[in-house]
Amino acid sequence: MNFLRSRSVRFNHEFLQNSADYLKAQLSRLPVLLIICGSGLGSVADTLSDPILISYEDIPGFPKSTVEGHAGELIFGTLSKVPVACMKGRFHYFEGYSLQKITTPIRVMKLLGVKGLIITNAAGGVNPKYKPGDLMVIKDHINFLAFGGQHPLRGQNDLYFGDRFFPMNKAYNKQLIDIARVAAKDVGFSDNYHEGVYGLYAGPNYETIAEVKVLKMLGVDAAGMSTVPEVLVAKHCGMTVFGFSFITNRCIDSYDDVEEPNHVNILDVVDLKSSKIQDFVVKFVEKSREKWL
């Protein structure tokens, strides 16, 4: 077995079935929707009814979350009458994981029968109109890691999950974006609501001024260190995807600016708006219920 094939085997459906079987044994009702919570956004999981909490460490083959603000727990329950799984903490490329390992949970959820993904993140505002506390629904993304040949589906393709080549021009479901616009208005997010392009930045450092200027030139509205690998694998698996970024800081583009982004301040900004983010997610799932059931 060659090197690439041996690596791919660890992420095919036969290997990941062990993780899925372990989870199935703990559940009386399987989820149809997966919610991934970004930095500090784990409070969304607190809205679930009849929660069942499972630590990542207890799940065979699952990675471990190492970043502050990511609890490392998988919570199953019901949200607006929809059976969901909520990842309270995600995994990042900068933690040292391969992109295949980062996206392991997506494929495990596919094996459980999940057909939709709501993915969230904390991001820096590249667009000068964006300010901390704003919400940006993702309408498209730029995968900067892919420009260097890094991709979660590199290697042998497993047809059980999806075709080798698949489209991404409709990666983020337009019908769900329309629903999100209404949900944001219902919970009072209208004045802080945007729809834009997310740019994947590997991290863990924040962007240089020159890099922010390049991001602006390329049409990026918000930059972060996650989300895109999961979306790629979810689309490969045939899942319907909706994503949003919570803007926690400005991406600095001036050498005269004295401000410096830091993770503690980012978590503080999220904490201030956590209840409003919860309200938005609950309202969104309520309005999109027929899409998942």
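This structure is a prediction, so every number in the text was calculated from the model and none was measured.

## Remarks on the nonpolar core
Then comes step 1: If you look at the biggest cluster of nonpolar residues, it comprises 83 residues, and the most contacted ones within it are Leu 74, Met 109 and Phe 280.
Then comes step 2: In terms of residue count, the dominant contributor to this core is helix α8 (residues 263-287) (7 residues).
Then comes step 3: Excluding anything up to four places from it in sequence, Phe 280 contacts Leu 135, Ala 180, Ala 183, Ala 184, Val 187, Phe 189, Phe 242 and Phe 244.

## With respect to the pattern of salt bridges
Then comes step 1: For the structure shown, the criterion picks out 11 salt bridges.
Then comes step 2: Residue Asp 257 is joined to Arg 250 by a salt bridge in which the shortest nitrogen-to-oxygen separation is 2.8 Å.
Then comes step 3: Judged by relative accessible area, which is 26%, Asp 257 ranks as partly exposed.
Then comes step 4: Through salt bridges with shared partners, a single network forms among Lys 174, Asp 178, Arg 181 and Glu 195.

## Some points on a nonpolar patch on the surface
Then comes step 1: A cluster of nonpolar side chains, contributed by Val 214, Met 217 and Leu 218, occupies part of the molecular surface with about 330 Å² of accessible area.
Then comes step 2: Following the sequence through the fold, Leu 218 ends up in the loop between α6 (209-217) and β8 (222-224).
Then comes step 3: By relative accessible area, Leu 218 is classed as partly exposed at 48%.

## Notes on the pairing of strand β4 (residues 82-88)
Then comes step 1: Extensive coverage of β4 is indicated by the burial of 7 of its 7 residues.
Then comes step 2: Pairing geometry for strand β1 (residues 33-37) and β4, over 5 bridges, is parallel. The partner of Ile 35 across the bridge, within β4, is Cys 86.
Then comes step 3: Across 7 bridges, strand β3 (residues 73-79) lies against β4 in antiparallel orientation. Bridge pairing in β4 places Leu 79 opposite Val 82.
Then comes step 4: Connecting β3 to the antiparallel partner β4 that follows it, the hairpin turn spans 2 residues, and Ser 80 within it adopts a positive phi of roughly 50°.

## Describing the environment of Asp 134
Then comes step 1: Assignment of secondary structure puts Asp 134 in the loop between β5 (116-125) and β6 (135-143).
Then comes step 2: In this structure Asp 134 comes out as buried when scored by relative accessible area, which is 0%.
Then comes step 3: Sequence separation between Asp 134 and Asn 249 is 115 residues, and the spatial gap between their C-alpha atoms is 9.6 Å.
Then comes step 4: Not counting the four nearest positions on each side in its chain, Asp 134 is found in contact with Lys 129, Asn 192, His 194, Ser 245, Phe 246 and Ile 247.

## Focus on the state of the cysteines
Then comes step 1: The final tally for this structure, using the stated rule, is 0 disulfides.
Then comes step 2: No disulfide involves Cys 86; its nearest neighbouring cysteine sulfur is the one of Cys 37, lying 3.4 Å away.

## Observations concerning unusual backbone geometry
Then comes step 1: Here Gly 203 and Pro 204 are connected by a cis peptide whose omega angle stands at 10°.
Then comes step 2: Phi angles above zero are rare outside glycine, and Asp 50 is one such case at about 50°.
Then comes step 3: Among the structural elements, Asp 50 can be located in strand β2 (residues 49-55).
Then comes step 4: Given a relative accessible area of 66%, Asp 50 falls into the exposed group.
Then comes step 5: The phi dihedral of Lys 81 is positive, around 70°, even though this residue is not glycine.
Then comes step 6: Relative to the helices and strands, Lys 81 resides in the loop between β3 and β4.
Then comes step 7: Using a relative accessible area of 64% as the deciding quantity, one classes Lys 81 as exposed.

## Notes on the packing of aromatic side chains
Then comes step 1: Following the criterion strictly, the structure yields 11 aromatic pairs and no others.
Then comes step 2: A centroid spacing of 5.5 Å and a plane angle of 80° characterise the contact between Tyr 160 and Phe 161, whose relative ring orientation is edge-to-face.
Then comes step 3: What makes Phe 161 buried here is its relative accessible area of 4%.
Then comes step 4: An aromatic cluster of three or more residues is present, and its members are Phe 189, Phe 242, Phe 244, Phe 280 and Phe 284.
Then comes step 5: The cationic tip of Lys 276 hangs over the ring face of Phe 189; the distance from NZ or CZ to the ring centre is 4.8 Å.

## Quick notes on the environment of Ala 202
Then comes step 1: Residue position: Ala 202 is located in the loop between β7 (193-200) and α6.
Then comes step 2: Residues Ala 202 and Phe 144, spaced 58 residues apart in sequence, show a C-alpha to C-alpha distance of 8.1 Å.
Then comes step 3: In contact with Ala 202, other than residues within four places in its own chain, are Tyr 93, Phe 94, Leu 145 and Met 225.

## Notes on the confidence of the model for the protein
Then comes step 1: Looking at the protein as a whole, its pLDDT mean stands at 91, while 95% of the residues score no less than 70.
Then comes step 2: Under a pLDDT of 50 for its full length, residues 1-6 has, in the predicted model, 4 contacts with residues more than four places off or in other chains.

## Section: the side chain of Asn 192
Then comes step 1: Here Asn 192 lies in the loop between α5 (174-186) and β7.
Then comes step 2: By relative accessible area, Asn 192 is classed as buried at 15%.
Then comes step 3: Those residues in contact with Asn 192 that lie beyond four places of it in its chain are Lys 131, Gly 133, Asp 134 and Leu 135.

About the thresholds
Residues numbered from 1 in each chain as written. Predicted model: local features only at pLDDT ≥ 70, side-chain atom pairs only at ≥ 80, totals over all residues. Heavy atoms only, no water. Core = buried A, V, L, I, M, F, W, Y, C linked by side-chain atoms within 4.5 Å. Buried < 20%, exposed > 50% of the residue type's maximum accessible area, 1.4 Å probe, protein only. Helix = DSSP H or I, 4+ residues; strand = E, 2+ residues; numbered from the N terminus. Contact = heavy atoms within 4.5 Å. Salt bridge = Lys/Arg side-chain N within 4 Å of Asp/Glu carboxyl O. Patch = residues over 30% accessible without salt bridge, like charges linked within 9 Å, V, L, I, M, F, W, Y side chains within 5 Å. Areas by Shrake-Rupley, 256 points an atom, 1.4 Å probe, with all protein chains shown as cover. Pairing = 2+ DSSP bridges. Disulfide = S-S within 2.5 Å. Phe/Tyr/Trp six-rings, centres within 6.5 Å; stacked < 30°, edge-to-face > 60°. Lys NZ or Arg CZ within 6 Å of the ring centre and 35° of its normal. pLDDT = per-residue confidence, 0-100.

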